[in-house]
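Chain by chain, the residues run as shown.
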Amino acid sequence: QVQLVESGGGLVQSGGSLRLSCAASGSIFEIKAMGWYRQAAGKERELVAGIPSGSSPNYADSVKGRFTISRDNAQNTVFLQMNSLKPEDTAVYYCNVRTTTSYWGRAYDFWGRGTQVTVSS
């Protein structure tokens, strides 16, 4: 199994910044991609930012220019730097890791428990 531990959520005023972290551990063989999703109340979960292994990051249009995703491959950790936060960024943010767990196995998606980000106006 793969465990994901998220940290860094909280309450911030509009225009402020937060940095989310997610550390993956367990039966990780080869990480294919890491990313962040979010789910606001009454809405579906959506991709915020993703960073495939060996590829450039991709972002939702709503966060381009404000959020930056990065990885520490040695620590199997993914970060999300969120600047110029807006009330509409309020949501539970989930870490996602797509990884194989053995040499012959296919890749699986694993999810963190989520961390609340609340942006006040």
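Up top is the structure these notes are about.
Residues numbered from 1 in each chain as written. Predicted model: local features only at pLDDT ≥ 70, side-chain atom pairs only at ≥ 80, totals over all residues. Heavy atoms only, no water.

**Topic: the overall build of the chain**
Phase 1: On a plain count of helices and strands, the chain comes out with 0 helices and 11 strands.
Phase 2: Moving toward the C terminus, one meets the helices and strands of the chain in the order β-β-β-β-β-β-β-β-β-β-β.
Phase 3: Computed over the C-alpha atoms, the radius of gyration of the chain is 14 Å, within 12% of the 14 Å expected from 2.2 N^0.38 for a compact globule of 121 residues.
Phase 4: Counting across all 121 residues of the chain, residues that qualify as buried make up 37%.
Phase 5: Summarising the internal contacts of the chain: among those between residues at least 6 apart in sequence, 57% fall at separations of at least 24. (Helix = DSSP H or I, 4+ residues; strand = E, 2+ residues; numbered from the N terminus. Rg over C-alpha atoms; globule rule 2.2 N^0.38 Å. Buried < 20%, exposed > 50% of the residue type's maximum accessible area, 1.4 Å probe, protein only. Contact = heavy atoms within 4.5 Å.)

**A few points about the environment of Asn58**
Phase 1: Secondary-structure assignment places Asn58 in strand β6 (residues 58–59).
Phase 2: Look at Asn58 and you get partly exposed, because its relative accessible area is 32%.
Phase 3: Once the C-alpha coordinates of Asn58 and Trp104 are considered, the two residues, 46 residues apart in sequence, prove to be 28 Å apart.
Phase 4: When neighbours within four sequence positions are excluded, Asn58 is seen to be in contact with Leu47, Val48, Ala49, Gly50 and Pro52.

**Focus on the sheet that holds strand β7 (residues 67–72)**
Within a sheet, adjacent strands bond to each other through the backbone by hydrogen bonds, running parallel or antiparallel.
Phase 1: Taken in spatial order, the 4 strands line up as β1-β3-β8-β7 in an open sheet, and their pairing is antiparallel. Each edge of the open sheet carries a strand with a single partner, namely β1 (2–7) and β7. Averaged over all pairs of adjacent strands, the angle between strand axes in this sheet comes to 15°, irrespective of strand direction.
Phase 2: Judged from the 6 bridges that link them, β1 and strand β3 (residues 18–26) form a sheet pairing that is antiparallel. Bridge pairing in β3 places Val2 opposite Gly26. (Pairing = 2+ DSSP bridges. Axes fitted to C-alpha atoms, helices over the stretch in contact; angles between N-to-C directions.)

**Here's the deal with a nonpolar patch on the surface**
Phase 1: Together, Phe29, Tyr103 and Trp104 line one region of the surface with nonpolar side chains, adding up to about 490 Å² of accessible area.
Phase 2: Among the secondary structure elements, Phe29 is positioned in the loop between β3 and β4 (30–39). (Patch = residues over 30% accessible without salt bridge, like charges linked within 9 Å, V, L, I, M, F, W, Y side chains within 5 Å. Areas by Shrake-Rupley, 256 points an atom, 1.4 Å probe, with all protein chains shown as cover. Salt bridge = Lys/Arg side-chain N within 4 Å of Asp/Glu carboxyl O.)

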